[in-house]
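Below are the chains, spelled out letter by letter.
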Number of protein chains: 2
Amino acid sequence: SVNPDLASERRTASFSVEKLTSRLDGGTEQTRIRRAVVEAIESDPIFSRENQYFQSQNERYEAAVRKAVHLQRKMHEMRWTENGPELKYIYRALSGDVAFLLHRVFMRCISLLGSDKQIAKWIPPASQYQLIGSYAQTELGHGTYLQGLETTAVFDITTQEFILNTPKISAMKWWPGDMGRSATHTVVFAQLYIHGQCYGVHPFILQIRSLQDHSLCPGITAGDIGPKMNFEHVDNGYLMLQNVRVPRENMLNKFCEVQPDGTYIKQGSQKINYFTMTTVRISLISDEVILPLMKACTIAIRYSAVRRQSKLKPGEQEAKILDYQTQQEKLLPQLAAAYAFHFINKYLQELLDRGYREIQTKNFDNLPELHAFSSGFKAMATQYCTSAVEICLRACGGHGYSLLSGLPSLYTKILASCIYEGENTILLLQTARFLIKCFSAASAGQPIPPSVIYLSAVKAGKCPAKNKLDFLNPDIYTEAYQHAAVRLVRSTAAKLQDLIQSGVKKHEAWNQCTVQLAQAAKAHCHYITVKNFVETVEKLDTEAGIQKIMKHLCDLFALHGIFSNAGVFLHDGYISGAQMDMVTASYLDLLAVIRKDAVPLVDAFDFTDKSLNSALGSYDGQVYQRLYEWAQKSPTNTQTNPAYERYLKPLLHNTLSKL
Amino acid sequence: SVNPDLASERRTASFSVEKLTSRLDGGTEQTRIRRAVVEAIESDPIFSRENQYFQSQNERYEAAVRKAVHLQRKMHEMRWTENGPELKYIYRALSGDVAFLLHRVFMRCISLLGSDKQIAKWIPPASQYQLIGSYAQTELGHGTYLQGLETTAVFDITTQEFILNTPKISAMKWWPGDMGRSATHTVVFAQLYIHGQCYGVHPFILQIRSLQDHSLCPGITAGDIGPKMNFEHVDNGYLMLQNVRVPRENMLNKFCEVQPDGTYIKQGSQKINYFTMTTVRISLISDEVILPLMKACTIAIRYSAVRRQSKLKPGEQEAKILDYQTQQEKLLPQLAAAYAFHFINKYLQELLDRGYREIQTKNFDNLPELHAFSSGFKAMATQYCTSAVEICLRACGGHGYSLLSGLPSLYTKILASCIYEGENTILLLQTARFLIKCFSAASAGQPIPPSVIYLSAVKAGKCPAKNKLDFLNPDIYTEAYQHAAVRLVRSTAAKLQDLIQSGVKKHEAWNQCTVQLAQAAKAHCHYITVKNFVETVEKLDTEAGIQKIMKHLCDLFALHGIFSNAGVFLHDGYISGAQMDMVTASYLDLLAVIRKDAVPLVDAFDFTDKSLNSALGSYDGQVYQRLYEWAQKSPTNTQTNPAYERYLKPLLHNTLSKL
């Protein structure tokens, strides 16, 4: 039965939860397909995540391989195909808890960078799992800066082979998924040398383990990199190479080739591949960043409607913690952010789809803009949502700290998204470089891409808001965000120019501006996210109830950003102190308004109890009962106390040598 | 051998590391004692933390009990006493990784709240570990709000016993340490009922497990609450009571007694006990908050001096990441914060010592001030330092995410400090209540305590700084902090007053101001921390080198706070936009200055490699070698691949039913 404290929250929803769910899915048909996939996966005990919080790294890995192998059968059984509409829901339903994800990257890499002949040779057996692939790029001493990789591939003209080596410990491949214990093959990135000359980093296909007995191949040292904050199910691995030889045909050669005589030839444009990498980066955001935040909000908000602590009014029963302003101020902005990022991510996906179509007609004009936008957005979204999940965790007090709440694993997993697929600071600086370039171009009267055209339309002015209600006008706050972004880009560009003109070398001047450049890039992304939220709300005019609550969330997202980054808006007086008080008043008012719909707003995310895997977040709100039941299954309760016979009993029975 | 990249950092130190270490310890003698304790503990293999990152919850618990039992022997062997100068270093040397900490709380509780007779009965056997105690206060449904506890103790006049019960699931005791698997006894807090009347929460001594075979006593259900984000070594437990009877003598009765006929009597003043609880709260900060931050800074800064990535200048070798402004801006403010909190914590300890002496002369005048200060400080320090550790972790990229870096466990452990010993938001609101009260008193011309006297000296004015160097003047920035704190307290007091005068009920008005009240409390604590740092630096005038670098850190701490909370200072124009640009310039300049001493500044914390337990943070900077060596000891490498025979082999050998 549903906890009455949660049931009462649902009775007063101001909108149709089911309709909002469809909106989020992109239509009722999508909702139907998603639910069918989730149902098929969750009803199959092999995919169960029960007891996951009690498992060791070895157990998690074994389960992930079991699931990956079973998934092949399941897809066949369900007639799900790699290109079908179900695919994106499968990973969601598994909560990413499955092996062989790098095997897919291995295949994609060969498909993109390999010749037709290489594709014909490797893709069919890989698809059939006659081999398991990985993708070995990152090294112990080298991450983001690809040119710094130290693994070498020397062309031996006499045998027509490449000789691969790990010249020093920092050159060891480190982190590749599926490589520690599963992979039989991998694509290795190494510096290509021909006749003593270096041609830069190239990809080579390499077998690392026997297909017969899985033993390591000659010259190969490989293993697992050990425990991490999360991703226990993935066997991130290390790889050391000692004079490992691969035939000339194993260098992926769609775009460059080493001929038998050692001649190096470049061919074709790689631009489309950079684009594909961008797409991959963005597609991760939805599964690895936005969904986890939606889950964290669901857990924390449902729990806050059930948890009662202290009294709000003397003489009454203890109050739901969701009724405290401080709790609302912790959670509701994160809920608004989950919606904001969902919408901007959808928009970005559409932009990328359009970009892909353009590129196929050889139109590369929008690539730099797309790249800059996706870099900054990846950094901003991962950083924002990671903090948001942490806030949700902390807002649940002690019970949030229990693994059984589900929040710790959401946090430790989303945290990794700030690091992988491009370190966030570096990505922000890429966006900043684009913004500075566009700003200079605009100043020189040259044309600039549409998303940054606002940089050229510099208006001085002040915010025209006269009372707190004016700050619920999207034009007012969108303009404020725009103004702040322009100011930060402009002032940083000016500082950069000043430094260079005063004689500081260009690279040094750049370094001295990077803290502010990163700020400017964030402000740009924040502005675009707010603007897109406003535009999304405008388009919801066929559904009054949904539009109204989404408008509130949009306002909250925008005003929360102004409230918590007040300095950015106050700096040049665009918003005055008195106006900032109006922002604060409207912001706090909104909390009380949205609080009423908080539970329906997380219900609309439509997570099953199994996918939340949380003792605090289940639909029925029976949190204490569930915590108690789950705790009893812990190995700390089901196994004999390991300390009793050895230490406690002698201590208590006084048989230890006494002091 | 020391990595040359780290060795070179040490050659250019601007001050004597050894002298700074002594300063931090409080004298050379303290340093000597600390090192002797650390040496004794670390040279004893039973206390080893090697392989800790590979252990399960059961293994961690067993090790913690083993260490706790061994510690008794060790203390005897080393002639360390419970009151000796070594005690505070023992826990530090063990990194808290030891059992029976709640046993100490059990004993302290009896000593404080028990009668002489009760003390004589329970303390000797507890000291001899003839029983193991715990402390059962928190319930599944009740944390901070003590009055809400639901466990009942009904006095049965016929048998002269209390009958203890857990009336519903939310009343189950939940979280007490040492209770899940170790404790034989506990102090239970329950609502006392006599003749049907409730007398509020009282403590009762209760046996829960047999001293003979450790089986649960009749009426007792108890166990472990399962996995948590950290504290795997602690058996946090649950406890359910069903008609458990304890004799009348088991209610701790120093301050109140139930007489045989059921008469309830109160006696004496409990004020001194509240004070003791405050002391406990603050003493935790040093071990559980400041030391972990110092460790995180040591690891991240040493690693950043060794890690090279990308090029800063074209044509040169890859740069140390510590040379990037963005990396400096991540780490150096956290380093400054570690010093700031170390100094304010010392100051607070002194304040508490003085308070204790006053109380013993029955002078309770300073209690409210001490309580308010320690509440807010606990909240501010735990929140600030938790974020700081997280920043250190993220700043180390992928390797920081590996458990072997030591950073994940520092983070997951310090995070708990935001929750235990008083939830931070509630603590901040306690401080705020005190500030509002003092502000009103001051407005009415009444005397207020010295630490808040500044609230009455309201000066309008503007910041007088004229150039960026002015912001290196402590008077300038301390005044700015003071001004901001006064403004926030004053404006929130005004809002509260306005709401009440407009007819909003008092408790509702309070709730509507809590977001701003918490802000005001934080601003107050931030001000006090900056002011104390300034005063500490002034007192260092006998050591020019140390004073100089501490002055830089103090400036950095202060300016970082203004830079990152710019809105608070810009709001009423006390600092103008142009002045904020000066703050930013001085702040960024300081990063480059302090960067030169960054490694010596963390070396001064004087952590041994064993206590850091980090592959990234060791003194010799051989990070890659150590990561590789440690990873090989992981059970994912030392144990047979659990997935190969069952899943991978059939898959690769094509014996699975093919698709």
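Conventions we followed
Residues numbered from 1 in each chain as written. Chains lettered and ligands numbered in written order. Predicted model: local features only at pLDDT ≥ 70, side-chain atom pairs only at ≥ 80, totals over all residues. Heavy atoms only, no water. UniProt positions renumbered as here; feature names shortened; annotations may be inferred. Helix = DSSP H or I, 4+ residues; strand = E, 2+ residues; numbered from the N terminus. Rg over C-alpha atoms; globule rule 2.2 N^0.38 Å. Buried < 20%, exposed > 50% of the residue type's maximum accessible area, 1.4 Å probe, protein only. Contact = heavy atoms within 4.5 Å. Buried area = accessible area lost by both parts, 1.4 Å probe. Salt bridge = Lys/Arg side-chain N within 4 Å of Asp/Glu carboxyl O. Polar contact = N/O pair within 3.5 Å; in protein donor to acceptor, adjacent residues only side chain to side chain. Nonpolar A, V, L, I, M, F, W, Y, C, P; charged D, E, K, R; others polar. Core = buried A, V, L, I, M, F, W, Y, C linked by side-chain atoms within 4.5 Å. Pairing = 2+ DSSP bridges. pLDDT = per-residue confidence, 0-100. Axes fitted to C-alpha atoms, helices over the stretch in contact; angles between N-to-C directions. Parallel < 35°, antiparallel > 145°, perpendicular 65-115°, else oblique. Least-squares fit on C-alpha atoms with pLDDT ≥ 70 in both. 1 Å grid on protein atoms, 1.4 Å probe; cavity = no way out; pocket = protein on both sides within 12 Å on 5 of 7 lines; lining within 4 Å. Points joined across faces, edges and corners; volume = space filled by probe spheres on them.

Within an unreviewed UniProt entry, the label attached to chain A reads ACOX2 oxidase, and the organism entered is Caloenas nicobarica. Note on chain A: under the UniProt heading Subcellular location (unreviewed entry), the record states "Peroxisome". Looking at the Cofactor (unreviewed entry) heading of the UniProt record, one finds this comment for chain A: "FAD".

Student: Sorry if this is basic, but what is going on with the overall build of chain A here?
Tutor: Along the backbone of chain A there are 23 helices and 11 strands. Against the 2.2 N^0.38 benchmark of 26 Å for 659 residues, chain A shows a C-alpha radius of gyration of 28 Å, consistent with a compact globule. Taken across its 659 residues, chain A has 62% of its residues classed as buried. For chain A, contacts bridging at least 24 residues in sequence account for 72% of all contacts bridging at least 6.

Student: Explain the UniProt feature "binding site: FAD" (unreviewed entry) in chain A here, please?
Tutor: Residue and element names in this part refer to chain A. Residues annotated in UniProt with the feature "binding site: FAD" (unreviewed entry) correspond here to Thr 138 and Gly 177. Maximum C-alpha separation among the annotated residues is 10.7 Å over a sequence range of 40 residues, consistent with a single clustered spot. Locating Thr 138 in the fold gives a position in the loop between β1 (135-136) and β2 (152-156). With respect to the element layout, Gly 177 can be found in the loop between β4 (173-174) and β5 (185-194). Excluding anything up to four places from it in sequence, Gly 177 contacts Leu 102, Ser 134, Val 234, Asp 235 and Asn 236.

Student: Even after reading the chapter, I still don't get the interface of chain A and chain B, so can you show me in this structure?
Tutor: Note: interface size is frequently given as the accessible area lost on complex formation between the parts. Contacts between chain A and chain B engage 133 residues on the former and 133 residues on the latter. Across the interface of chain A and chain B, roughly 11,100 Å² is buried in total on both sides, 62% from carbon and sulfur atoms. Across the chain A-chain B interface, the total number found is 4 salt bridges. Joining chain A to chain B, the criterion identifies 62 residue pairs in polar contact (both at pLDDT 80 or more). The greatest single-element share of the side of chain A that touches chain B, amounting to 10 residues, is contributed by helix α4 (residues 57-78) of chain A. A per-class count over the side of chain A that touches chain B returns 57 nonpolar, 53 polar and 23 charged.

Student: Is there a simple way to explain the nonpolar core in this structure?
Tutor: The nonpolar side chains of soluble globular proteins are, as a tendency, buried together. In terms of nonpolar packing, the biggest core is built from 320 residues, with Tyr 339, Phe 341 and Met 550 of chain A together with Tyr 339, Phe 341 and Met 550 of chain B touching the most fellow members. Non-local contacts of Met 550 of chain B, meaning those with residues more than four positions away in its chain, are made with Leu 20, Tyr 339, Phe 343, Phe 533, Val 537, Leu 540 and Leu 601 of chain B.

Student: For this particular structure, what's the right way to read the sheet that holds strand β4 (residues 173-174) of chain B?
Tutor: Across a sheet, paired strands are connected by hydrogen bonds in the backbone, their directions being either parallel or antiparallel. All names here are of chain B. Taken together, 3 strands build an open sheet; the order of strands is β4-β8-β7 and the sheet is antiparallel. One side of each edge strand has no neighbouring strand; the edge strands of this open sheet are β4 and β7 (220-224). Of the strand pairs in this sheet, β7 and strand β8 (residues 237-241) are connected by 5 bridges, and their pairing is antiparallel. Bridge assignment links Asp 224 to a residue of β8, and that residue is Gly 237.

Student: How should I be thinking about the pairing of strand β9 (residues 244-247) of chain B in this particular structure?
Tutor: Across a regular strand the side chains alternate sides, sitting on one face of the sheet and then on the other. All names here are of chain B. Only one face of β9 is buried, namely the one carrying Val 244 and Val 246, since none of Arg 245 and Pro 247 on the opposite face is buried. Pairing geometry for strand β3 (residues 161-165) and β9, over 4 bridges, is antiparallel. Directly across from Glu 161, in β9, lies its bridge partner Pro 247.

Student: Would you take a moment to explain the side chain of Asp 620 of chain B for this structure?
Tutor: Considering the arrangement of structural elements, one finds Asp 620 of chain B in the loop between α20 (609-612) and α21 (623-632). Engagement of the side chain of Asp 620 of chain B in a polar contact is seen with the side chain of Arg 626 of chain B, the distance being 2.9 Å.

Student: It is not clear to me how the confidence of the model for chain A should be interpreted in this structure. Could you clarify?
Tutor: Where the model shows low pLDDT, its predicted coordinates should not be examined in detail. Chain-level pLDDT for chain A is 95 on average; 99% of the residues reach the 70-or-more range. In the model output, the complex is listed with pTM 0.98 alongside ipTM 0.97.

Student: Quick question: what am I supposed to make of the packing of helix α13 (residues 424-443) of chain B against helix α14 (residues 474-501) of chain B here?
Tutor: Residue and element names in this part refer to chain B. Contact pair α13 / α14: the axes reach a minimum separation of 10 Å and the direction vectors enclose 85°. Accordingly, the angle class assigned to the pair α13 and α14 is roughly perpendicular. In contact with Leu 435, Ile 436 and Phe 439 of α13, α14 contributes Val 489, Arg 490, Ala 493 and Leu 496.

Student: Is there a simple way to explain the pairing of strand β5 (residues 185-194) of chain B in this structure?
Tutor: Residue and element names in this part refer to chain B. In terms of residue burial, β5 counts as a mostly covered element, since 9 of its 10 residues are buried. Sheet topology note: the strand β1 (residues 135-136)/β5 ladder contains 2 bridges and is parallel. Its bridge partner being in β5, Tyr 135 is matched across the sheet by Val 187. Here 3 bridges tie strand β2 (residues 152-156) to β5, and the two strands are oriented parallel to one another.

Student: Just checking my understanding: could you explain the packing of α13 of chain B against helix α15 (residues 506-538) of chain B for this structure?
Tutor: Two packed helices can be described by the angle between their axes and the distance between those axes. All names here are of chain B. Viewed as axis vectors pointing N to C, α13 and α15 meet at an angle of 90°, and their least axial separation amounts to 8 Å. Taken together, α13 and α15 sit at an angle that is classed as roughly perpendicular. Contacts between α13 and α15 involve Leu 428, Leu 429, Thr 431, Ala 432, Arg 433, Leu 435 and Ile 436 on the former and, on the latter, Trp 510, Thr 514, Leu 517, Ala 518, Ala 520, Ala 521, Lys 522 and His 524. Split by residue class, the contact of α13 with α15 holds 10 nonpolar, 3 polar and 2 charged.

Student: So what exactly am I meant to see when it comes to the side chain of Thr 636 of chain A here?
Tutor: Of note, Thr 636 of chain A is situated in helix α22 (residues 635-638). On the basis of relative accessibility, which here comes to 5%, the residue Thr 636 of chain A falls in the buried class.

Student: Looking at this structure, I do not really get the relation of the copies chain A and chain B. What am I missing?
Tutor: One copy of the chain maps onto the second through a rotation around an axis plus a translation along that axis. The two copies are related by a screw motion: chain A maps onto chain B through a turn of 180° and a shift of 0.0 Å along the axis, at an RMSD of 0.0 Å. Interpreted geometrically, this transformation is the action of a two-fold axis. Of the C-alpha atoms belonging to chain A, the one lying closest to the rotation axis is found on Gly 567 of chain A, 1.8 Å away.

Student: Looking at this model, I keep getting lost on the environment of Gly 400 of chain A. Mind explaining?
Tutor: Residues and elements named next belong to chain A. Assignment of secondary structure puts Gly 400 in helix α11 (residues 397-401). Take Gly 400: its relative accessible area is 0%, and that puts it in the buried class. Through-space distance from the C-alpha of Gly 400 to that of Thr 151 is 44 Å; in sequence the pair is 249 residues apart. Setting aside residues no more than four positions away along its own chain, Gly 400 makes contact with Leu 393, Ser 405, Leu 407, Pro 408 and Leu 616.

Student: In this structure, what is going on with the sheet that holds strand β7 (residues 220-224) of chain A? I would like to understand it.
Tutor: All names here are of chain A. The strand order across the open sheet built from 3 strands is β4-β8-β7, with neighbouring strands paired in antiparallel fashion. Both edges of this open sheet fall to β4 and β7, since each of them pairs with a single strand only. Across 2 bridges, β4 lies against strand β8 (residues 237-241) in antiparallel orientation. The residue bridging Trp 174 from the neighbouring strand is Tyr 238, located in β8.

Student: Could you clarify how one ought to interpret the UniProt feature "domain: Acyl-CoA oxidase C-terminal" (unreviewed entry) in chain A in this entry?
Tutor: Within this numbering scheme, the UniProt entry marks residues 473-652 of chain A as carrying the feature "domain: Acyl-CoA oxidase C-terminal" (unreviewed entry). The distance from the first to the last C-alpha atom of residues 473-652 of chain A is 70 Å, and the span holds 77% helix and 0% strand.

Student: What should I look at first to understand empty space enclosed by the protein in this one?
Tutor: Taking a probe equal in size to a water molecule and rolling it over the atoms shows the remaining empty space. Residue and element names in this part refer to chain B. If you walk through the whole model with that rule in mind, you get 4 cavities of 30 Å³ or more. A volume near 60 Å³ is recorded for the second largest cavity. If you trace the second largest cavity, you find it lined by Arg 34, Val 38, Glu 42, Arg 92, Ala 93, Asp 606, Phe 607, Thr 608 and Ser 611. Going through the elements one at a time, α3 (28-42) and α5 (87-94) are the ones with two or more residues in the lining of the second largest cavity. If one sorts the elements of the lining of the second largest cavity by residue count, α3 sits on top with 3 residues. Split by residue class, the lining of the second largest cavity holds 3 nonpolar, 2 polar and 4 charged.

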